[in-house]
Amino acid sequence: MRFSDELPHSLDDDARPDADAELDPDPDPDLALELDDDFPLGDGTAETGALVMCPYCGEEVEIALDPGSGAVQEYVEDCQVCCQPWGVAVVYHDDGSAEVAVSALDA
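The structure displayed is predicted, hence computed values, not measured ones. (Residues numbered from 1 in each chain as written. Predicted model: local features only at pLDDT ≥ 70, side-chain atom pairs only at ≥ 80, totals over all residues. Heavy atoms only, no water.)

## Notes on a nonpolar patch on the surface
- On the surface, Tyr56, Val76 and Leu105 cluster together into a nonpolar patch covering about 250 Å² of accessible area.
- Its place among the elements puts Leu105 in the segment after β5 (98–104). (Patch = residues over 30% accessible without salt bridge, like charges linked within 9 Å, V, L, I, M, F, W, Y side chains within 5 Å. Areas by Shrake-Rupley, 256 points an atom, 1.4 Å probe, with all protein chains shown as cover. Salt bridge = Lys/Arg side-chain N within 4 Å of Asp/Glu carboxyl O. Helix = DSSP H or I, 4+ residues; strand = E, 2+ residues; numbered from the N terminus.)

## With respect to the environment of Ala64
- Residue position: Ala64 is located in strand β2 (residues 60–64).
- Each C-alpha atom of the pair Ala64 and Leu51 lies 9.1 Å from the other, and the pair is 13 residues apart in sequence.

## Brief notes about the nonpolar core
- If you look at the biggest cluster of nonpolar residues, it comprises 12 residues: Ala50, Val52, Cys54, Val61, Ile63, Leu65, Cys79, Trp86, Val88, Val90, Tyr92 and Ala98.
- At the level of elements, β1 (49–53), β2 and β4 (85–92) are the ones that each hand at least two residues to this core.
- In terms of residue count, the dominant contributor to this core is β4 (4 residues).
- Setting aside residues up to four positions removed in sequence, Ile63 forms contacts with Thr48, Gly49, Ala50, Val52, Tyr75, Glu77, Gln80, Trp86, Val88 and Val100. (Core = buried A, V, L, I, M, F, W, Y, C linked by side-chain atoms within 4.5 Å. Buried < 20%, exposed > 50% of the residue type's maximum accessible area, 1.4 Å probe, protein only. Contact = heavy atoms within 4.5 Å.)

## Some words on the sheet that holds β5
- Across the sheet, 3 strands lie side by side as β3-β4-β5; this open sheet has antiparallel pairing. Of all strands in the sheet, those bounded by a partner on one side alone are β3 (72–78) and β5. Direction aside, the axes of adjacent strands within the sheet are offset by 20° on average.
- As paired elements, β4 and β5 share 7 bridges and run antiparallel to each other. The residue bridging Ala89 from the neighbouring strand is Ala101, located in β5. (Pairing = 2+ DSSP bridges. Axes fitted to C-alpha atoms, helices over the stretch in contact; angles between N-to-C directions.)

Take a look at the structure:
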């Protein structure tokens with residue numbers, strides 16, 4: 001199945017992406033500078049997973065991290081073993097490392 005076969009039928013041929021369109025070989029240098037300010041250069045990696053210990057059952061569990069959700073994150077995630085809800089706090093540092101803490105959510 002081709003990508004274009006998956007598009008909704010309500011789109012006409014003019015609305016579909018042109019597969020033969022050329023990419024701009026000379027991107028806007030001002031945009032590149034703005035992106036460098038927003039996303040400083042580094043080795044280009046950020047942690048995408050962490051091992052944490054469930055505050056309820058004590059099991060060590062690997063959780064996925066999403067660096068694209070910001071440098072400071074707080075959310076609720078359930079333990080993969082005992083299904084109890086945790087409060088998850090993630091702080092990304094400039095080098096891409098993540099500091100992760102989980103805590104019990106008391107009802």
